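# Overview (structure and organization)
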Amino acid sequence: MSGSAFVVGQPHFGRFTRTPEENEDALEAARTGLTSAVEAAPGDGAGSAVLDAAVDLAEALTIAGLEQEAVALARPAVHVARDTGRGETLRWALLVLATAEHYADEVSAAEAHFREALELARTSGDRVLEHYTLHHLGRFLVDTGRTDEALTCFEACLVIREEQGELRAETTRAALAALTGPDLMSSERIESK
């Protein structure tokens, strides 16, 4: 897996990247998951499985740099999840949509969706979604020139990630180091994972 360094001033602060091969594999797996969910026999969880698979594909499309396709898939997924009362799917779909909108330069829509995902994560007690949302929101805020707000997000994210023993805490430390200079950590840039 390849990574991207947290460098202030470069577009898409710390954006995760994969190799073309990794993207191809991830997209194929996500498309297969969606196809399987659609083709599965109808049942109580059929609609939920299709919706979750659509969100997974939108996430893979975003990581692969296909933000417009991701937005086109994630936006209706958010509406369906909202309309059908699928709270957990809605929370994750909002994060996926916000991230795709961020990279598609749909700044106001992205911020609104990040904020909604964060609020829903907090009110539902979903600490995993909360730390992911805080990290992605922090990167968005860096890209929009609001580093003070970004620092607050990364610091809150780090607290949760450390509490949970999350390996991605190192990525959050790297983001904080890039924003605060070499005093917080070594002067060597740490790549995101």
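Here the structure is shown first, and the text comes after it.
The paragraphs below set out a description of the structure included in this document. (Residues numbered from 1 in each chain as written. Predicted model: local features only at pLDDT ≥ 70, side-chain atom pairs only at ≥ 80, totals over all residues. Heavy atoms only, no water.)

### Quick notes on the overall build of the protein chain
- Across its full length, the protein chain carries eight helices and zero strands.
- From first element to last, N terminus to C terminus, the protein chain shows the α and β order α-α-α-α-α-α-α-α.
- The principal-axis extent of the C-alpha atoms belonging to the protein chain is close to 55 × 40 × 30 Å.
- Put simply, the protein chain has 193 residues, and 44% of those count as buried.
- Look at the contacts in the protein chain between residues 6 or more apart in sequence, and 54% of them connect residues 24 or more apart.
- Here the protein chain displays about 9500 Å² of accessible surface, and carbon together with sulfur accounts for 53% of that area.
- Charged side chains of the protein chain number 17 positive and 33 negative; the gap between the two group centres comes to 3 Å. (Helix = DSSP H or I, 4+ residues; strand = E, 2+ residues; numbered from the N terminus. Buried < 20%, exposed > 50% of the residue type's maximum accessible area, 1.4 Å probe, protein only. Contact = heavy atoms within 4.5 Å. Areas by Shrake-Rupley, 256 points an atom, 1.4 Å probe, with all protein chains shown as cover. Lys, Arg positive; Asp, Glu negative; His and termini not counted. Charge placed at Lys NZ, Arg CZ, Asp CG, Glu CD.)

### Some details on the environment of threonine 172
- Looking at the secondary structure, you find threonine 172 in helix α8 (residues 169-180).
- Apart from the residues lying within four places of it in its own chain, the contact partners of threonine 172 are His135, Phe154, Cys157, Leu158 and Arg161.
- Of note is the side chain of threonine 172, whose polar atom sits 2.7 Å from the side chain of arginine 161. (Polar contact = N/O pair within 3.5 Å; in protein donor to acceptor, adjacent residues only side chain to side chain.)

### Let's talk about helix α7 (residues 147-163)
- Under the 1.5 Å per step criterion, the end-to-end length of α7 is 24 Å for 17 residues, consistent within 8% with the ideal 24 Å.
- When we look at burial in α7, the residues that qualify are Ala150, Leu151, Cys153, Phe154, Cys157, Leu158, Ile160 and Arg161.
- Contacts made by the buried residues of α7 are with α6 (127-143) and α8.
- Once α7 ends, the next one or two residues include glycine 165, with phi positive near 65°. (Expected span 1.5 Å × (residues − 1).)

### Quick word on the packing of aromatic side chains
- This structure, assessed with the given rule, holds four aromatic pairs.
- Between tryptophan 92 and tyrosine 132, the ring centres sit 5.8 Å apart and the planes meet at 65°, which makes this aromatic pair edge-to-face. Note that tryptophan 92 is positioned in helix α4 (residues 87-103) and tyrosine 132 in helix α6, a separation of 40 residues in sequence.
- Centre to centre, the rings of phenylalanine 114 and phenylalanine 140 are 5.5 Å apart; their planes meet at 50°, and the pair counts as tilted. Pair noted here: phenylalanine 114 is in helix α5 (residues 107-124) and phenylalanine 140 is in helix α6, with a separation of 26 residues, a long-range link. When sorted by exposure, phenylalanine 114 lands in the same class as phenylalanine 140, which is buried.
- One aromatic cluster is present, formed by Phe6, Phe13 and Phe154 through successive ring pairs.
- Sitting above the plane of the tyrosine 132 ring, arginine 161 keeps its charged end 5.5 Å from the centroid. (Phe/Tyr/Trp six-rings, centres within 6.5 Å; stacked < 30°, edge-to-face > 60°. Lys NZ or Arg CZ within 6 Å of the ring centre and 35° of its normal.)

### As for the pattern of salt bridges
- Scanning all chains against the criterion turns up 14 salt bridges.
- For glutamate 116, the salt bridge is made with arginine 82, and the minimal N-O distance between the two is 2.6 Å. With glutamate 116 in helix α5 and arginine 82 in helix α3 (residues 67-84), the pair connects residues that are 34 residues apart, well separated along the chain.
- Classification of glutamate 116 by relative accessible area gives partly exposed; the value is 24%.
- The exposure class of arginine 82 is partly exposed, given its relative accessible area of 38%.
- The closest approach of N and O atoms between glutamate 162 and arginine 173, which form a salt bridge, is 2.9 Å. Note that glutamate 162 is positioned in helix α7 and arginine 173 in helix α8, a separation of 11 residues in sequence. (Salt bridge = Lys/Arg side-chain N within 4 Å of Asp/Glu carboxyl O.)

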